[in-house]
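As a plain string of letters, each chain reads:
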Amino acid sequence: MTTIQLTVNGQSKIIESPPMKRLLDVLREDLHLPGAKEGCGEGECGSCSVLMNGDLVNSCLIPILQVEGAEITTIEGVAINERLHPIQQCFLENGGAQCGICTPGMILATCHLLEKYPQPTLLQIQEGLSGNLCRCTGYIRIFNAVQAAALVGAAE
């Protein structure tokens, strides 16, 4: 067992865990944050995406040992005072939240994208979300949601 200190959604946490336990499992099992989903388990689908020190990462590929001192943002940390973040609202209004498996990862990828490009082009949106797969094949609605979020200034 290893002791790991990290910050999750703005709250300091100390975890006792096997060093190779995946960040995804620590979030879901130890911290009871089920928003990041287990998809492929190989870092290819993006359903387990979280922000780690501001970078979009696949939590299924990150051993908890590498998270020492990191700041993690999960989908549970995106909402503002229990109100939906403008990106979440745009996903709902544009049908971008479909079956829900990819949605947390798509929203965190959108947060990351809009931080870099507050008014992204369609190509930048496609590239920014390229690590997140939607099995419902609803990419147009997701791209529309991202464009709507950019229009309302969701990155600010």
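Structural data are supplied above this passage.
If you're wondering where the values come from, they're calculated on a predicted model, not measured in any experiment.

Caption draft 1: Local environment of the sheet that holds strand S3 (residues 49-52). Reading across from one edge, S2-S1-S5-S3-S4 is the order of the five strands in this open sheet, with mixed pairing throughout. The sheet terminates laterally at strand S2 (11-17) and strand S4 (55-58), the two strands that pair on one side only. Across this sheet, the average inter-strand angle for adjacent strands is 40°, counted without regard to direction. Here S3 runs beside strand S5 (residues 71-73); their pairing, made up of two bridges, is antiparallel. Directly across from Met 52, in S5, lies its bridge partner Ile 72. The strands touched by helix H1 (residues 23-30) within the sheet are strand S1 (2-8), S2, S3 and S5, with S2 carrying the most contacts at an inclination of about 105°.

Caption draft 2: Quick look at unusual backbone geometry. Of note, Asn 9 is a non-glycine position whose phi angle comes to about 50°, a positive value. Inspection of the secondary structure assignment puts Asn 9 in the loop between S1 and S2. You will see that Asn 53, though not glycine, has its phi angle at about 55°, which is positive. For Asn 53, the position within the fold is in the loop between S3 and S4.

Caption draft 3: Seen up close, the pattern of salt bridges. This model, assessed by the stated rule, comprises four salt bridges. For Lys 21, the salt bridge identified is with Asp 30, shortest N-O distance 3.1 Å. A residue is classified by how much of its surface remains accessible, and Asp 30, at 31% relative accessible area, is partly exposed. Via salt bridges that share partners, Lys 21, Glu 29 and Asp 30 belong to a single interconnected network.

Scoring rules and cut-offs
Residues numbered from 1 in each chain as written. Predicted model: local features only at pLDDT ≥ 70, side-chain atom pairs only at ≥ 80, totals over all residues. Heavy atoms only, no water. Pairing = 2+ DSSP bridges. Helix = DSSP H or I, 4+ residues; strand = E, 2+ residues; numbered from the N terminus. Axes fitted to C-alpha atoms, helices over the stretch in contact; angles between N-to-C directions. Contact = heavy atoms within 4.5 Å. Salt bridge = Lys/Arg side-chain N within 4 Å of Asp/Glu carboxyl O. Buried < 20%, exposed > 50% of the residue type's maximum accessible area, 1.4 Å probe, protein only.

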